[in-house]
Amino acid sequence: MSILVAAPILLSIILLVSGIAKLGERRGTQDAMTSLRLPARGTHHLVAAVLPAAEIVLALLLWVPLVPLQVVLAVLATLLMAAYLVIIARALTFEEKVECSCFGSLASPTVSKATLARNVLITLLALVTVTAAARGQIADALVRAPLSLLTLVVVLVVAMALVVLVLGGVERTAEPGASRAPAPVPHEGDQLVTPSDEVEDEEPEDYERTAIPAAILQREDRELVSLRRLVSTRAALLVFATEGCGPCERVLDAMPGWIATLEPIMQVIAVFGRPVENLRPRTLERVPGHALHDPDFTTREQLGGRGAPMAVLLGADGQLAGGPVTGGEQVISFVEEIIEQIEEARAAGELAAAEPS
(Lines give C-alpha, C1' and ligand atoms only; values in the text may rest on other atoms or scores of the structure.)
Protein backbone atom coordinates (compact mmCIF):
# COMPACT_ATOMS: atom_id res chain seq x y z
CA MET A 1 0.00 0.00 0.00
CA SER A 2 1.42 3.38 -1.07
CA ILE A 3 2.10 6.05 1.52
CA LEU A 4 0.19 8.46 -0.77
CA VAL A 5 -3.00 6.91 0.63
CA ALA A 6 -2.33 8.85 3.82
CA ALA A 7 -3.32 12.05 1.97
CA PRO A 8 -6.91 11.01 1.15
CA ILE A 9 -7.30 9.65 4.70
CA LEU A 10 -6.27 12.98 6.20
CA LEU A 11 -8.41 14.92 3.71
CA SER A 12 -11.43 12.77 4.49
CA ILE A 13 -10.98 13.26 8.22
CA ILE A 14 -10.70 17.03 7.75
CA LEU A 15 -13.80 17.17 5.54
CA LEU A 16 -15.76 14.97 7.93
CA VAL A 17 -14.82 17.00 11.01
CA SER A 18 -15.49 20.26 9.19
CA GLY A 19 -18.90 19.13 7.93
CA ILE A 20 -20.03 17.78 11.30
CA ALA A 21 -18.84 20.93 13.08
CA LYS A 22 -20.83 23.11 10.65
CA LEU A 23 -24.05 21.12 11.06
CA GLY A 24 -25.01 22.93 14.25
CA GLU A 25 -23.44 26.22 13.25
CA ARG A 26 -25.54 27.32 10.28
CA ARG A 27 -25.85 30.85 11.63
CA GLY A 28 -22.11 30.98 12.30
CA THR A 29 -21.42 29.86 8.73
CA GLN A 30 -23.68 32.59 7.35
CA ASP A 31 -21.98 35.17 9.55
CA ALA A 32 -18.59 33.94 8.34
CA MET A 33 -19.64 34.31 4.71
CA THR A 34 -20.76 37.85 5.40
CA SER A 35 -17.54 38.65 7.25
CA LEU A 36 -15.55 37.22 4.34
CA ARG A 37 -17.54 39.52 2.01
CA LEU A 38 -18.68 36.73 -0.26
CA PRO A 39 -21.06 37.84 -3.03
CA ALA A 40 -24.75 36.91 -3.42
CA ARG A 41 -25.57 37.46 0.25
CA GLY A 42 -29.15 36.38 -0.40
CA THR A 43 -27.94 32.82 -1.07
CA HIS A 44 -25.72 32.53 2.02
CA HIS A 45 -28.42 30.73 4.00
CA LEU A 46 -28.73 28.11 1.25
CA VAL A 47 -24.98 27.57 1.03
CA ALA A 48 -24.76 27.30 4.83
CA ALA A 49 -27.43 24.58 4.74
CA VAL A 50 -25.84 22.59 1.89
CA LEU A 51 -22.12 22.95 2.64
CA PRO A 52 -21.93 20.69 5.74
CA ALA A 53 -23.69 17.83 3.94
CA ALA A 54 -21.51 18.33 0.86
CA GLU A 55 -18.31 18.04 2.91
CA ILE A 56 -19.54 14.92 4.70
CA VAL A 57 -20.62 13.28 1.44
CA LEU A 58 -17.25 14.05 -0.18
CA ALA A 59 -15.43 12.55 2.80
CA LEU A 60 -17.43 9.31 2.73
CA LEU A 61 -17.94 8.70 -1.01
CA LEU A 62 -14.23 9.18 -1.65
CA TRP A 63 -13.83 5.65 -0.28
CA VAL A 64 -16.23 3.96 -2.68
CA PRO A 65 -13.82 1.64 -4.63
CA LEU A 66 -14.55 3.03 -8.09
CA VAL A 67 -11.56 4.81 -9.61
CA PRO A 68 -13.47 7.22 -11.92
CA LEU A 69 -15.76 8.26 -9.03
CA GLN A 70 -12.77 8.72 -6.70
CA VAL A 71 -11.01 10.91 -9.26
CA VAL A 72 -14.07 13.11 -9.73
CA LEU A 73 -14.60 13.47 -6.00
CA ALA A 74 -10.91 14.18 -5.37
CA VAL A 75 -11.00 16.92 -8.01
CA LEU A 76 -14.14 18.40 -6.44
CA ALA A 77 -12.51 18.34 -3.01
CA THR A 78 -9.43 20.05 -4.44
CA LEU A 79 -11.55 22.78 -6.04
CA LEU A 80 -13.35 23.30 -2.72
CA MET A 81 -10.07 23.54 -0.80
CA ALA A 82 -8.62 25.89 -3.41
CA ALA A 83 -11.72 28.10 -3.12
CA TYR A 84 -11.29 28.20 0.66
CA LEU A 85 -7.62 29.11 0.17
CA VAL A 86 -8.43 32.03 -2.15
CA ILE A 87 -11.15 33.30 0.21
CA ILE A 88 -8.80 33.21 3.20
CA ALA A 89 -5.96 34.89 1.26
CA ARG A 90 -8.38 37.65 0.19
CA ALA A 91 -9.62 38.11 3.75
CA LEU A 92 -6.08 38.83 4.91
CA THR A 93 -6.11 41.96 2.74
CA PHE A 94 -9.05 43.47 4.66
CA GLU A 95 -8.42 46.27 7.13
CA GLU A 96 -10.30 44.58 9.95
CA LYS A 97 -9.79 41.08 11.27
CA VAL A 98 -12.21 38.48 9.97
CA GLU A 99 -13.73 35.41 11.59
CA CYS A 100 -14.19 32.52 9.19
CA SER A 101 -15.70 29.61 11.22
CA CYS A 102 -14.09 27.25 8.73
CA PHE A 103 -14.54 24.36 11.17
CA GLY A 104 -17.81 25.45 12.73
CA SER A 105 -17.32 25.97 16.45
CA LEU A 106 -13.88 24.30 16.44
CA ALA A 107 -10.48 26.00 16.53
CA SER A 108 -9.67 29.68 16.38
CA PRO A 109 -12.13 31.60 14.20
CA THR A 110 -9.91 34.60 13.44
CA VAL A 111 -8.32 34.59 9.99
CA SER A 112 -4.54 34.92 10.23
CA LYS A 113 -1.39 33.87 8.40
CA ALA A 114 -1.59 30.59 10.31
CA THR A 115 -5.06 30.05 8.80
CA LEU A 116 -3.60 30.65 5.35
CA ALA A 117 -0.74 28.20 5.99
CA ARG A 118 -3.24 25.59 7.20
CA ASN A 119 -5.33 25.97 4.05
CA VAL A 120 -2.26 25.74 1.83
CA LEU A 121 -1.39 22.40 3.44
CA ILE A 122 -4.96 21.12 3.07
CA THR A 123 -4.97 22.12 -0.60
CA LEU A 124 -1.72 20.23 -1.12
CA LEU A 125 -3.29 17.19 0.56
CA ALA A 126 -6.18 17.44 -1.89
CA LEU A 127 -3.79 17.58 -4.85
CA VAL A 128 -1.96 14.47 -3.60
CA THR A 129 -5.38 12.82 -3.18
CA VAL A 130 -6.13 13.46 -6.87
CA THR A 131 -2.86 11.76 -7.78
CA ALA A 132 -3.55 8.78 -5.52
CA ALA A 133 -7.06 8.41 -6.92
CA ALA A 134 -5.93 8.67 -10.56
CA ARG A 135 -3.32 5.96 -9.98
CA GLY A 136 -5.94 3.71 -8.46
CA GLN A 137 -4.06 3.55 -5.17
CA ILE A 138 -7.10 4.40 -3.02
CA ALA A 139 -9.23 1.69 -4.62
CA ASP A 140 -6.32 -0.76 -4.53
CA ALA A 141 -5.80 -0.19 -0.80
CA LEU A 142 -9.51 -0.74 -0.15
CA VAL A 143 -9.66 -4.01 -2.07
CA ARG A 144 -6.22 -5.56 -1.49
CA ALA A 145 -5.10 -4.30 1.90
CA PRO A 146 -8.19 -3.27 3.93
CA LEU A 147 -6.58 -4.25 7.24
CA SER A 148 -3.46 -2.18 6.58
CA LEU A 149 -5.66 0.71 5.48
CA LEU A 150 -7.71 0.48 8.67
CA THR A 151 -4.51 0.44 10.74
CA LEU A 152 -3.24 3.54 8.96
CA VAL A 153 -6.58 5.29 9.55
CA VAL A 154 -6.45 4.53 13.28
CA VAL A 155 -2.83 5.69 13.53
CA LEU A 156 -3.60 8.98 11.75
CA VAL A 157 -6.73 9.62 13.82
CA VAL A 158 -4.84 9.01 17.05
CA ALA A 159 -1.98 11.23 15.88
CA MET A 160 -4.37 14.07 15.01
CA ALA A 161 -6.17 13.70 18.34
CA LEU A 162 -2.86 13.87 20.22
CA VAL A 163 -1.85 17.00 18.33
CA VAL A 164 -5.18 18.65 19.23
CA LEU A 165 -4.76 17.72 22.89
CA VAL A 166 -1.18 18.98 22.98
CA LEU A 167 -2.31 22.30 21.49
CA GLY A 168 -4.95 22.69 24.17
CA GLY A 169 -8.05 21.07 22.72
CA VAL A 170 -10.78 22.54 20.53
CA GLU A 171 -12.99 24.07 23.17
CA ARG A 172 -13.48 27.76 22.58
CA THR A 173 -14.05 30.27 25.32
CA ALA A 174 -17.62 31.30 25.83
CA GLU A 175 -18.65 34.27 23.76
CA PRO A 176 -18.29 37.44 25.78
CA GLY A 177 -21.61 38.66 26.98
CA ALA A 178 -23.23 35.24 26.98
CA SER A 179 -24.03 35.80 30.63
CA ARG A 180 -25.65 39.16 30.26
CA ALA A 181 -27.17 41.71 32.52
CA PRO A 182 -30.95 41.81 32.62
CA ALA A 183 -32.68 44.23 30.31
CA PRO A 184 -33.99 47.39 31.93
CA VAL A 185 -37.53 48.59 32.35
CA PRO A 186 -38.51 52.14 31.37
CA HIS A 187 -39.75 54.37 34.14
CA GLU A 188 -40.83 57.93 34.57
CA GLY A 189 -38.39 60.61 33.52
CA ASP A 190 -36.54 58.16 31.32
CA GLN A 191 -34.82 56.83 34.43
CA LEU A 192 -34.13 53.22 33.63
CA VAL A 193 -34.09 50.64 36.37
CA THR A 194 -33.56 46.92 36.52
CA PRO A 195 -36.55 44.59 36.42
CA SER A 196 -37.52 42.95 39.69
CA ASP A 197 -39.89 40.30 38.40
CA GLU A 198 -39.58 37.19 40.53
CA VAL A 199 -38.78 33.86 38.93
CA GLU A 200 -40.28 30.76 40.46
CA ASP A 201 -37.79 28.81 42.58
CA GLU A 202 -35.06 31.26 41.67
CA GLU A 203 -33.81 34.38 43.37
CA PRO A 204 -33.75 37.39 41.02
CA GLU A 205 -30.30 38.68 40.24
CA ASP A 206 -29.86 42.38 40.97
CA TYR A 207 -28.16 44.40 38.28
CA GLU A 208 -25.49 46.48 39.99
CA ARG A 209 -25.70 49.93 38.44
CA THR A 210 -22.52 51.94 38.09
CA ALA A 211 -21.75 55.47 36.97
CA ILE A 212 -21.32 56.10 33.26
CA PRO A 213 -17.55 56.46 32.61
CA ALA A 214 -16.00 59.71 31.45
CA ALA A 215 -15.71 58.50 27.87
CA ILE A 216 -15.91 60.43 24.60
CA LEU A 217 -17.52 59.78 21.22
CA GLN A 218 -17.22 61.80 18.02
CA ARG A 219 -20.07 63.10 15.87
CA GLU A 220 -20.00 63.27 12.08
CA ASP A 221 -19.04 66.97 12.24
CA ARG A 222 -16.01 65.99 14.39
CA GLU A 223 -17.57 67.45 17.52
CA LEU A 224 -16.73 65.46 20.63
CA VAL A 225 -19.47 64.49 23.04
CA SER A 226 -19.11 62.78 26.39
CA LEU A 227 -21.38 59.90 27.30
CA ARG A 228 -22.68 61.85 30.26
CA ARG A 229 -23.66 64.82 28.08
CA LEU A 230 -25.13 62.47 25.50
CA VAL A 231 -27.66 61.18 28.04
CA SER A 232 -28.27 64.50 29.81
CA THR A 233 -31.84 64.61 28.46
CA ARG A 234 -32.63 61.06 27.34
CA ALA A 235 -31.36 57.56 27.90
CA ALA A 236 -29.31 56.02 25.10
CA LEU A 237 -28.90 52.54 23.69
CA LEU A 238 -25.40 52.27 22.22
CA VAL A 239 -24.72 49.49 19.73
CA PHE A 240 -21.04 49.04 18.89
CA ALA A 241 -20.43 47.40 15.52
CA THR A 242 -17.72 46.75 12.94
CA GLU A 243 -18.57 46.90 9.25
CA GLY A 244 -18.29 43.57 7.46
CA CYS A 245 -18.46 41.48 10.65
CA GLY A 246 -21.21 38.88 10.12
CA PRO A 247 -22.96 39.22 13.51
CA CYS A 248 -22.56 43.01 13.31
CA GLU A 249 -24.26 43.09 9.92
CA ARG A 250 -27.22 41.16 11.34
CA VAL A 251 -27.46 43.65 14.18
CA LEU A 252 -27.22 46.60 11.77
CA ASP A 253 -29.99 45.06 9.65
CA ALA A 254 -32.23 45.13 12.72
CA MET A 255 -31.38 48.69 13.76
CA PRO A 256 -33.88 50.56 11.53
CA GLY A 257 -36.69 48.71 13.34
CA TRP A 258 -35.15 49.39 16.74
CA ILE A 259 -34.79 53.09 15.94
CA ALA A 260 -38.41 53.36 14.85
CA THR A 261 -39.64 51.56 17.97
CA LEU A 262 -37.36 52.95 20.66
CA GLU A 263 -36.50 56.46 19.49
CA PRO A 264 -39.55 58.07 21.15
CA ILE A 265 -38.30 56.68 24.48
CA MET A 266 -34.54 56.71 24.16
CA GLN A 267 -31.73 57.46 21.74
CA VAL A 268 -30.59 54.54 19.58
CA ILE A 269 -27.03 55.02 18.35
CA ALA A 270 -24.71 52.85 16.28
CA VAL A 271 -21.06 53.31 17.24
CA PHE A 272 -18.18 52.46 14.90
CA GLY A 273 -14.42 52.36 15.16
CA ARG A 274 -14.00 54.47 12.04
CA PRO A 275 -15.17 58.05 11.34
CA VAL A 276 -18.79 58.34 10.26
CA GLU A 277 -17.84 59.95 6.93
CA ASN A 278 -15.77 56.87 6.07
CA LEU A 279 -18.60 54.39 6.60
CA ARG A 280 -20.06 52.52 3.65
CA PRO A 281 -23.26 53.90 2.07
CA ARG A 282 -25.15 50.72 2.98
CA THR A 283 -24.21 51.20 6.63
CA LEU A 284 -25.35 54.82 6.70
CA GLU A 285 -28.61 53.88 4.99
CA ARG A 286 -29.49 51.67 7.95
CA VAL A 287 -28.55 54.17 10.67
CA PRO A 288 -29.01 57.62 9.08
CA GLY A 289 -28.25 60.31 11.62
CA HIS A 290 -27.72 57.70 14.32
CA ALA A 291 -23.99 56.94 13.96
CA LEU A 292 -21.07 58.04 16.13
CA HIS A 293 -17.33 57.35 16.02
CA ASP A 294 -15.43 55.64 18.83
CA PRO A 295 -11.70 56.06 17.97
CA ASP A 296 -9.95 52.73 18.51
CA PHE A 297 -13.04 51.58 20.43
CA THR A 298 -11.66 53.17 23.59
CA THR A 299 -15.14 54.03 24.86
CA ARG A 300 -16.28 50.46 24.29
CA GLU A 301 -13.42 49.24 26.44
CA GLN A 302 -14.25 51.72 29.20
CA LEU A 303 -17.80 50.36 29.19
CA GLY A 304 -16.45 46.84 29.69
CA GLY A 305 -16.77 45.57 26.13
CA ARG A 306 -14.10 43.61 24.31
CA GLY A 307 -15.70 42.64 21.01
CA ALA A 308 -18.35 43.47 18.47
CA PRO A 309 -21.25 43.66 18.22
CA MET A 310 -21.82 45.00 21.72
CA ALA A 311 -24.73 46.88 23.28
CA VAL A 312 -25.09 48.89 26.47
CA LEU A 313 -27.93 50.99 27.83
CA LEU A 314 -27.08 54.32 29.45
CA GLY A 315 -29.61 55.82 31.82
CA ALA A 316 -30.55 59.50 31.81
CA ASP A 317 -29.62 59.53 35.51
CA GLY A 318 -25.93 59.13 34.64
CA GLN A 319 -25.69 55.42 35.39
CA LEU A 320 -25.47 52.25 33.35
CA ALA A 321 -28.96 50.79 33.00
CA GLY A 322 -28.23 47.52 31.22
CA GLY A 323 -25.38 45.57 29.67
CA PRO A 324 -22.86 45.48 28.30
CA VAL A 325 -23.72 42.42 26.23
CA THR A 326 -21.56 41.09 23.42
CA GLY A 327 -22.39 38.84 20.47
CA GLY A 328 -24.96 38.95 17.69
CA GLU A 329 -27.63 36.81 19.33
CA GLN A 330 -27.04 38.37 22.75
CA VAL A 331 -27.40 41.94 21.45
CA ILE A 332 -30.55 41.13 19.49
CA SER A 333 -32.12 39.35 22.48
CA PHE A 334 -31.12 42.22 24.76
CA VAL A 335 -32.81 44.84 22.58
CA GLU A 336 -35.88 42.67 22.00
CA GLU A 337 -36.25 42.33 25.77
CA ILE A 338 -36.05 46.10 26.17
CA ILE A 339 -38.75 46.56 23.52
CA GLU A 340 -40.93 43.88 25.10
CA GLN A 341 -40.71 45.48 28.53
CA ILE A 342 -41.43 48.93 27.13
CA GLU A 343 -44.57 47.60 25.46
CA GLU A 344 -45.64 45.90 28.69
CA ALA A 345 -45.06 49.10 30.66
CA ARG A 346 -46.99 51.13 28.12
CA ALA A 347 -49.88 48.65 28.11
CA ALA A 348 -50.01 48.83 31.92
CA GLY A 349 -50.18 52.62 31.77
CA GLU A 350 -46.80 52.99 33.44
CA LEU A 351 -45.23 54.67 30.43
CA ALA A 352 -46.96 57.34 28.41
CA ALA A 353 -46.27 57.59 24.69
CA ALA A 354 -43.54 60.13 24.17
CA GLU A 355 -42.55 62.25 21.23
CA PRO A 356 -38.94 62.12 20.09
CA SER A 357 -36.89 65.04 21.28
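Relevant structure appears above.
So, here is what we can say about the structure in this document. No experiment lies behind these values; they were computed from the predicted model shown.

1. So, the overall build of the protein chain
A count of helices and strands for the protein chain gives 12 helices and 9 strands. When the 357 residues of the protein chain are sorted by exposure, 46% land in the buried category. Put simply, 68% of the contacts in the protein chain that link residues at least 6 apart link residues at least 24 apart. Per element, the accessible surface of the protein chain, about 17,900 Å² overall, is 61% carbon and sulfur.

2. As for helix 3 (residues 44-61)
Over its 18 residues, helix 3 extends 25 Å from the first C-alpha to the last, a length consistent with the 26 Å expected when each residue adds 1.5 Å. Turning to helix 3, its buried residues are H44, A48, L51, P52, E55, I56, L58 and A59. On its buried face, helix 3 is in contact with helix 1 (6-23), helix 2 (26-35) and helix 4 (67-91).

3. Side note on the pairing of strand 5 (residues 236-241)
By the criterion of burial, strand 5 is predominantly enclosed, with 6 of the 6 residues buried. Because side chains alternate across strand 5, one face comprises the buried residues A236, L238 and F240, and the other comprises L237, V239 and A241, equally buried. Pairing of strand 5 with strand 6 (residues 267-272), which is carried by 6 bridges, proceeds in the parallel orientation. Considered in strand 6, the bridge of A241 is made with F272. Once you follow strand 5 into helix 9 (residues 246-262) and on to strand 6, the crossover reads as right-handed. Pairing geometry for strand 5 and strand 8 (residues 310-314), over 5 bridges, is antiparallel. Among the inter-strand pairings, A236 is bridged to a residue of strand 8, identified as L314.

4. Quick word on the pattern of salt bridges
Here the structure, examined in full by the defined rule, presents 14 salt bridges. Note that R346 and E343 form a salt bridge whose closest N and O atoms lie 3.3 Å from each other. Residue R346 and its partner E343 are both found in helix 12 (residues 328-347); the two are separated by 3 residues, about one turn of the helix. The exposure class of E343 is partly exposed, given its relative accessible area of 37%. Taken together, the shared-partner salt bridges in this structure form one network comprising R41, E249, D253, R282 and R286.

5. Focus: the pairing of strand 9 (residues 320-326)
Across the 7 residues of strand 9, 6 count as buried, placing the element largely inside the fold. Relative to strand 9, strand 8 is paired through 4 bridges, and the arrangement is antiparallel. Across the sheet, the residue bridging to L314 is L320, located in strand 9. Counting the residues in the hairpin turn of strand 8 and strand 9 gives 5 residues, including G318, whose phi is positive at 85°.

6. Re helix 12
Between its first and last C-alpha, helix 12 extends 29 Å over 20 residues, near the 28 Å set by a 1.5 Å rise per residue. Of the residues making up helix 12, those classed as buried are G328, Q330, V331, I332, F334, V335, I338, I339, Q341, I342 and A345.

7. Thoughts on the packing of aromatic side chains
For the structure on display, the rule yields 1 aromatic pair. Lying over the aromatic face of F94, R37 brings its terminal NZ or CZ to 3.9 Å of the ring centre. The lysine or arginine in question, R300, covers the ring of F297, its NZ or CZ lying 3.9 Å from the ring centre.

8. Some thoughts on the environment of P324
By the secondary structure assignment, P324 is in strand 9. Contact partners of P324, with chain neighbours within four places excluded, come to L303, G304, M310, A311 and V312.

9. Concerning a nonpolar patch on the surface
Judged by side-chain polarity, V72, V75, L76 and L79 come together as a nonpolar surface patch covering roughly 340 Å² of accessible area. Relative to the assigned elements, V75 resides in helix 4. Using a relative accessible area of 35% as the deciding quantity, one classes V75 as partly exposed.

10. Remarks on the side chain of D294
Here D294 shows up in the loop between strand 7 (291-293) and helix 11 (298-302). Of the side chains with opposite charge, R300 comes closest to the buried, unpaired D294, at an N-O distance of 5.8 Å. In this view, D294 contacts I216, L217, F240, V271, F272, G273, T299 and R300; residues no more than four positions away in its chain are not counted.

What counts as what
- Residues numbered from 1 in each chain as written.
- Predicted model: local features only at pLDDT ≥ 70, side-chain atom pairs only at ≥ 80, totals over all residues.
- Heavy atoms only, no water.
- Helix = DSSP H or I, 4+ residues; strand = E, 2+ residues; numbered from the N terminus.
- Buried < 20%, exposed > 50% of the residue type's maximum accessible area, 1.4 Å probe, protein only.
- Contact = heavy atoms within 4.5 Å.
- Areas by Shrake-Rupley, 256 points an atom, 1.4 Å probe, with all protein chains shown as cover.
- Expected span 1.5 Å × (residues − 1).
- Pairing = 2+ DSSP bridges.
- Right-handed = clockwise from strand over helix to strand, strands pointing away.
- Salt bridge = Lys/Arg side-chain N within 4 Å of Asp/Glu carboxyl O.
- Phe/Tyr/Trp six-rings, centres within 6.5 Å; stacked < 30°, edge-to-face > 60°.
- Lys NZ or Arg CZ within 6 Å of the ring centre and 35° of its normal.
- Patch = residues over 30% accessible without salt bridge, like charges linked within 9 Å, V, L, I, M, F, W, Y side chains within 5 Å.
- Lys, Arg positive; Asp, Glu negative; His and termini not counted.

By themselves these figures say nothing about function.
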